[in-house]
Amino acid sequence: MKRQLATAALFFVTFTFLSVQRLLAQAISEQTCPAFTHSGAVGSDDWKYDISLADRQAQIVHVRIGLNPTSPDLKVQLPVWNALYQVRDFSQFIQNLRAADINGVTVMPVVVDKTTWRVPNATTIDYDFVAEMPGPFGAELNFNHAFLNLAMLLMYPVGAPREGMRLRFAGVPAGWRIATPLPTVPSPDQGQTTYCAPTYDLMVDSPVEISNFREKDFDTSGGHFRIIVDADQQNYSMDDLSRILQKIVASEISWMDDRPFQQYMFIYHFPRGPAHGGMEHAYATAIEARAPVQEDRIGFASVSAHEFFHLWNVKRIRPQSMQPIDYTKENYSPSLWFSEGVTSTVADSTLVRAGLITEKQFLSRLAAEIGELQSRPAHLTQTAEASSIDAWLEKYPAYHAPERSISYYNKGELLGILLDLEIREASSGTKSLRELFQWMNEQYSKQGRYFPDAAGVEQAAEAITGKTFESFFQSYVSGLKEIPYDDFFRTVGLKLKQKRVTVADPGFTTSSNFSGAAIVDSVDPGSDAARQGIRPGDVIRQINGEPVTSFASQMSSVEPGNSMRLSIGRGGYVLDVQVILGTRSRTEYELANVSHMTSAQRVRRDAWLRGEAESAPTH
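In this report, we go over the structure that sits alongside the text. (Residues numbered from 1 in each chain as written. Predicted model: local features only at pLDDT ≥ 70, side-chain atom pairs only at ≥ 80, totals over all residues. Heavy atoms only, no water.)

Some remarks on the overall build of the protein chain
Then step 1. Each helix and strand counted, the protein chain has 16 helices and 29 strands in total.
Then step 2. Going through the 619 residues of the protein chain one by one, you find that 56% of them count as buried.
Then step 3. The long-range share in the protein chain, meaning contacts at least 24 apart out of those at least 6 apart in sequence, stands at 68%.
Then step 4. Counting only carbon and sulfur atoms, one obtains 48% of the accessible surface of the protein chain, whose full area is about 24900 Å². (Helix = DSSP H or I, 4+ residues; strand = E, 2+ residues; numbered from the N terminus. Buried < 20%, exposed > 50% of the residue type's maximum accessible area, 1.4 Å probe, protein only. Contact = heavy atoms within 4.5 Å. Areas by Shrake-Rupley, 256 points an atom, 1.4 Å probe, with all protein chains shown as cover.)

Here it is as structure tokens:
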């Protein structure tokens, strides 16, 4: 199946999904990258990108685009979003845009809209990009390193084939090296490396780290893996990272019975203070985890397992609603509960299977997820699918109020657990979530097709069990029925226990955005926080002089009635506020063994914890 050329407003892959994945996989494996014309034949039409890091002091990345051929109707465009489900308008960082034709005559760029320019007959385009956004979702250049999400800073031609991409870097300081999953090709300029991709989409899906990074490689399960770390060496042990990652990748490759790559790259940054999380790519992931890693090995393992499994779920097992990609506006999908949330289900299962967490830790984490969902009144008003569609509101603090929204990560992870248990029950233990993913991998990813959102997941469950799942999906995915947890967990010998506890209350709620900062969502009008002037949108930077790393966990160590010193960011100003903590009551959840667990429940529990089906039906 070939997709038609995009209109001027659309940006998407011009080959079939299967074709582009095979092209880049072949390119990475063979370190070759021929140019492809729109017809699919080998051609010479290339877009060449030159990126200069010379102005590190001003944090300016200079970009030059070489065009061949050009057009009197040529327009170029920069994505308005990438990595996050948020419109971030990357054109805000563009400065000094200029263009010239083949004779060097200046072509005046004409603004079409906030992210599009008309540059008729231009053969070169130059501009500066202010790269001061840290984290795996950003682009940053400073005296320590450069990290680039290429979709933030590389323009593309509107309404024309985007194939045969070339990329080079200049102004790289002595001692710095370049790490990216993109393959290299021979360059006419001696000593300068040229990277390539068969399409623009695949080029910008390849993160770039340029620094004096440390690297450790390993081979397992038939694949080659590179660990790239740019961080203070006191904050991690490379050998420890390697041991953890080898367990994760071996477990997930075995679980999927598939390895759709020859090489894969992990890029890590370990800041002290808030960490931004991770971003998946087709052949790499970029992750920022809190330092020192030794103090939160489970957190490091969890985000790594999540991002690595994305190379199947999202990157290859992909919902139809995410295609075609349109980087000029929001791309709404009702399936983030599955693409993100159920990825977390698999990640936690991986940690158990790989021996990185115990059964007790797994059940404790699961109970905390249940508590998070049940504590939000919005779980009675917002479905998992609606939460997925509303992801584009996450940049607004008010949206995170417990009365307004739930998290598709949170409910999706729970739905993944419940779907797994339901599949086991429907198949007498002979099928599980593993078989569902393997079926979807065979039927969609390997066939170059996208699955039809929730209907596709429901179809997969029914295909492997021979039973209907209509009620499950209508009740819990598209519906608002309260989850009868004990009905599901009873099959593995568990019951959900609740108790009320009294905890310290700061008088406001917070959430984290892509920057990792704790942002105030809502303020209790009768609290001391309200009297001290704290308001929604404030950023909590420090608690009692310590940087905010995890607001919830830092709050758990303080007592009601005590005072708390806060450093707050607001509109470019920093305010120091002292707040007296109140009290509030909350429900805590625990998954405990049922009385008189049967042997069948124990067998089912053991298989569930292994992430595998039982060897024979349970009677």
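From this point, the discussion proceeds with the structure in view.
Digging into the environment of Pro109
Then step 1. Inspection of the secondary structure puts Pro109 in the loop between β5 (106–107) and β6 (110–113).
Then step 2. With a relative accessible area of 17%, Pro109 lands in the buried category.
Then step 3. The spacing of Pro109 and Val119 is ten residues in sequence and 5.1 Å in space, taken between C-alpha atoms.

Concerning the sheet that holds strand β13 (residues 177–179)
Then step 1. The antiparallel open sheet is built from four strands, whose spatial order is β9-β10-β16-β13. In the strand order of this sheet, the two ends are held by β9 (140–141) and β13, each with one partner.
Then step 2. Sheet topology note: the β9/strand β10 (residues 145–148) ladder contains two bridges and is antiparallel. Bridge pairing links Glu140 to Phe147 in β10. (Pairing = 2+ DSSP bridges.)

Some details on helix α11 (residues 453–465)
Then step 1. Between its first and last C-alpha atoms α11 spans 19 Å; for 13 residues at 1.5 Å apiece the expected length is 18 Å, and the two agree.
Then step 2. Listing the buried residues of α11 in full gives Asp453, Ala454, Gly456, Val457, Glu458, Ala460, Ala461, Ile464 and Thr465.
Then step 3. Elements in contact with the buried residues of α11: α6 (336–353), α8 (384–389), α9 (408–426), α10 (433–443) and α12 (470–477).
Then step 4. Positive backbone phi, at 75 degrees, marks Gly466, one or two positions downstream of α11. (Expected span 1.5 Å × (residues − 1).)

A short note on the sheet that holds strand β17 (residues 214–220)
Then step 1. Taken together, the five strands give an open sheet; going across it, the order is β17-β18-β19-β21-β20, and neighbouring strands pair in mixed fashion. Each end of this open sheet is capped by a strand with a single partner; those strands are β17 and β20 (277–280). Recorded for the sheet is a direction-independent mean angle of 15 degrees between the axes of neighbouring strands.
Then step 2. Pairing between strand β19 (residues 263–269) and strand β21 (residues 284–288): five bridges, direction parallel. Within β21, the residue paired with His269 across the bridge is Glu288.
Then step 3. The strands touched by helix α4 (residues 238–256) are β17, β18 (223–229) and β19; relative to β17, the strand with the most contacts, the crossing angle is about 35 degrees. (Axes fitted to C-alpha atoms, helices over the stretch in contact; angles between N-to-C directions.)

Brief notes about empty space enclosed by the protein
One simple way to see leftover space: roll a probe sized like a water molecule over the atoms.
Then step 1. As enumerated under the stated definition, the model contains four cavities of 30 Å³ or more in all.
Then step 2. Quantified by volume, the largest cavity comes out at close to 110 Å³.
Then step 3. Forming the walls of the largest cavity are 15 residues, and the residues nearest its centre are Thr345, Ser349, Asp420, Trp608 and Gly611.
Then step 4. Among the elements that take part in the lining of the largest cavity, α6 stands out by supplying four residues, more than any other. (1 Å grid on protein atoms, 1.4 Å probe; cavity = no way out; pocket = protein on both sides within 12 Å on 5 of 7 lines; lining within 4 Å. Points joined across faces, edges and corners; volume = space filled by probe spheres on them.)

Quick word on the environment of Gly456
Then step 1. Position of Gly456 relative to the elements: it lies in helix α11.
Then step 2. By relative accessible area, which is 0% here, Gly456 ends up buried.
Then step 3. Once the C-alpha coordinates of Gly456 and Gln320 are considered, the two residues, 136 residues apart in sequence, prove to be 9.4 Å apart.
Then step 4. Residue contacts for Gly456: discarding those within four places in its chain leaves Tyr444 and Phe451.

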